[in-house]
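# Close look at the chain arrangement
Now for the letters of each chain:
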Amino acid sequence: MYSKVYSGIPVGIDGMLISVEADISNGLPSFDLVGYLAASVKEARDRVRSALRNTGFILPAQRITVNLSPADIRKDGTGFDLSIAVAVLIAMQVIPYSEKFNSIVFLGELGLDGSILPVPGVLPVVHFASTRGIKTVVVPSENTAEARFIKGIEVVPADSLKELVEMLFHMENGGKMTDIVFGGSGSTERRSRSKKKTDETEEYVDFADIRGQESAKRGMVIAAAGFHNILMTGAAGSGKSMMAKALPGILPKMDYQEKLELTKIYSVAGMLKGGTSLIEKRPYRSPHYSVSENALIGGGEKPKPGEITLASGGVLFLDEFPHFKRSAIEALRQPMEDKSVTVSRVRASYTFPARFMLVAARNNCPCGFYPDRARCRCTYHEITAYQNRISHPIMDRIDIRLEVAPLSFEDMFSKEKSTPSSVLREKVEMARERQSHRYRRESWSFNSELPQSGIEKYIDLSLSCDRLLKMAYDSTDISARGYFRLLRLVRTIADLNDREKITEDDIREALFFRNDGREDVV
């Protein structure tokens, strides 16, 4: 007999439906899986056979063929186990076939005892299924919370194959699959629909606890307001890492679409904690400088999101920036411009979002003490080579370059508190509101994303501002890209100052923060 059910697979951070067909016919006993399958899917044959047997269903001594289509899409992972088992049971006529199966998606890995185990990438598949008319999705219990983040689709948690079969029979008798669940004692009980609470927002370092560095803090606020990339250069122990850790605390809360996209990313990466329905706080990622290019950008044999994608909507902090592999640093060029990264393979290309805010930090020299020549023993050549590890194209894409000076004794032990993060966050939110209103009909949200075509429309300069910018352009080695990035930074500073009209003071402040980022070596 022939049967057909549906499963799904994540493609990038989006989903795709996969039809799972089973056919049982006369012939030598066999169990074949076809449809351009990875090894992890081919192994489903043994998992499904054992799970069925240990649940009480014996496969017939006939030829069993299971096809996963479309056949030109490579299927990977263990999420097809449950759909294969259901398709085989329908073909065995253990489960009566119904038209209702055309609107149900089955996701989950099977244990050899018939238990249903969690799988990554459930959220994007459920979201895609909801847009294709699917009414019900059956998922492992541990994936329930993330699946229920999508409205308008019924989510059915299942702990075992035996339990699922019983629910399918209950559905055929006119009931709802969510009416019952089997407990450990075998008695039926009402399924609880309560969701686990999401983790509370983590506490970040408060800017009020960071002594001194008022100029650097101002640069941080500007970066947060316009989502600009930022580089901090200064002596070791001057507070660069601490300010980077405080930065997420002044970023505005995410809206629904940002939460949905970020939760999809972490679902595909298999990094959602059990019971988490959605990610509420902006990400903060801080990989070590030994990170590989694939781990930073994304990729691998089975392409997965890298650190730049996991930081989407939040902060990617790269400490000791010059020590990162040169290839990894240079690979940041395209994602910093396009806010996405495409990983190409022979049969498919995967596009991941990369809308991150780069926060990089470095010392002035390899030992970290320059320009204090009393302690620094680095030669001119060593210092120059260290600073030149960051290429001009990468520096050109960094809007704000902060010079972080060592703390004085008075600043370090001052009892006077600085401006708290809560106050700075209000300023950032005010600037963001101006941008949201200004770009409400556009496809971008932040000043840093303002395309070339929108600069003349949204950045109106007076004659005196034009002269000041021309003078800066002629007297520095700023590139055309750098010039337009400077204009975007000017627009953000004006927004922070709560004015639509750009002034010369805004331009001077932008020029101060967009210096060449290199310390003169003496």
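The structure presented is a predicted model; accordingly, all values stated were derived computationally and were not measured.

Rules used throughout
Residues numbered from 1 in each chain as written. Predicted model: local features only at pLDDT ≥ 70, side-chain atom pairs only at ≥ 80, totals over all residues. Heavy atoms only, no water. Buried < 20%, exposed > 50% of the residue type's maximum accessible area, 1.4 Å probe, protein only. Helix = DSSP H or I, 4+ residues; strand = E, 2+ residues; numbered from the N terminus. Pairing = 2+ DSSP bridges. Salt bridge = Lys/Arg side-chain N within 4 Å of Asp/Glu carboxyl O. Contact = heavy atoms within 4.5 Å. Expected span 1.5 Å × (residues − 1). Arc of directions from axis to C-beta.

## Details of the pairing of strand 16 (residues 315-318)
Taking every second residue as pointing to the same face, both faces of strand 16 are buried, with Val315 and Phe317 on one and Leu316 and Leu318 on the other. Note: strand 13 (residues 284-285) against strand 16, two bridges, orientation parallel. Its bridge partner lying in strand 16, Tyr284 is registered against Val315. Sheet topology places strand 16 next to strand 19 (residues 357-362); four bridges connect them, and they run parallel. Paired with Leu316 across the strands is Leu358, a residue of strand 19.

## Section: the pattern of salt bridges
Following the criterion strictly, the structure yields 34 salt bridges and no others. Put simply, Asp32 and Arg63 hold a salt bridge, and the shortest N to O gap is 3.6 Å. Residue Asp32 is located in strand 3 (residues 30-34), and its partner Arg63 is located in strand 4 (residues 63-69); the two are separated by 31 residues in the primary sequence. The partner of Arg508 in a salt bridge is Glu504, and the shortest N-O contact between them spans 3.2 Å. Here Glu504 and Arg508 lie together in helix 21 (residues 504-513), a separation of four residues that amounts to about one turn.

## Concerning the environment of Ala236
Its location among the elements puts Ala236 in the loop between strand 12 (230-234) and helix 8 (240-246). Assessed through its relative accessible area of 47%, Ala236 is described here as partly exposed. Spatially, the C-alpha atoms of Ala236 and Phe324 are 17 Å apart, while their sequence positions differ by 88 residues. If sequence neighbours within four positions are ignored, Ala236 has contacts with Asn363 and Gly368.

## Here we look at helix 17 (residues 421-438)
In this model, helix 17 (18 residues) spans 25 Å end to end at C-alpha, consistent with the 26 Å of a helix rising 1.5 Å per residue. Listed in full, the buried residues belonging to helix 17 are Ser421, Leu424, Val428, Ala431, Arg432, Gln435 and Arg438. Buried positions in helix 17, seen along its axis, are confined to an arc of 115° and lie on one side of it. For helix 17, the exposed residues lying more than 90 degrees away from the buried face are Glu426, Glu433 and His437.

## Points about unusual backbone geometry
What is expected of a backbone is that most residues other than glycine have negative phi and most peptide bonds are trans. For the peptide bond that leads from Ser69 to Pro70, omega is 10°, which places it in the cis range. On the secondary structure map, Pro70 appears in the loop between strand 4 and helix 3 (81-91). A positive phi angle is found at Lys339, which is not glycine, with a value near 60°. Position of Lys339 among the secondary structure elements: in the loop between helix 13 (333-338) and strand 17 (340-344). Owing to a relative accessible area of 18%, Lys339 belongs among the buried residues under this scheme.

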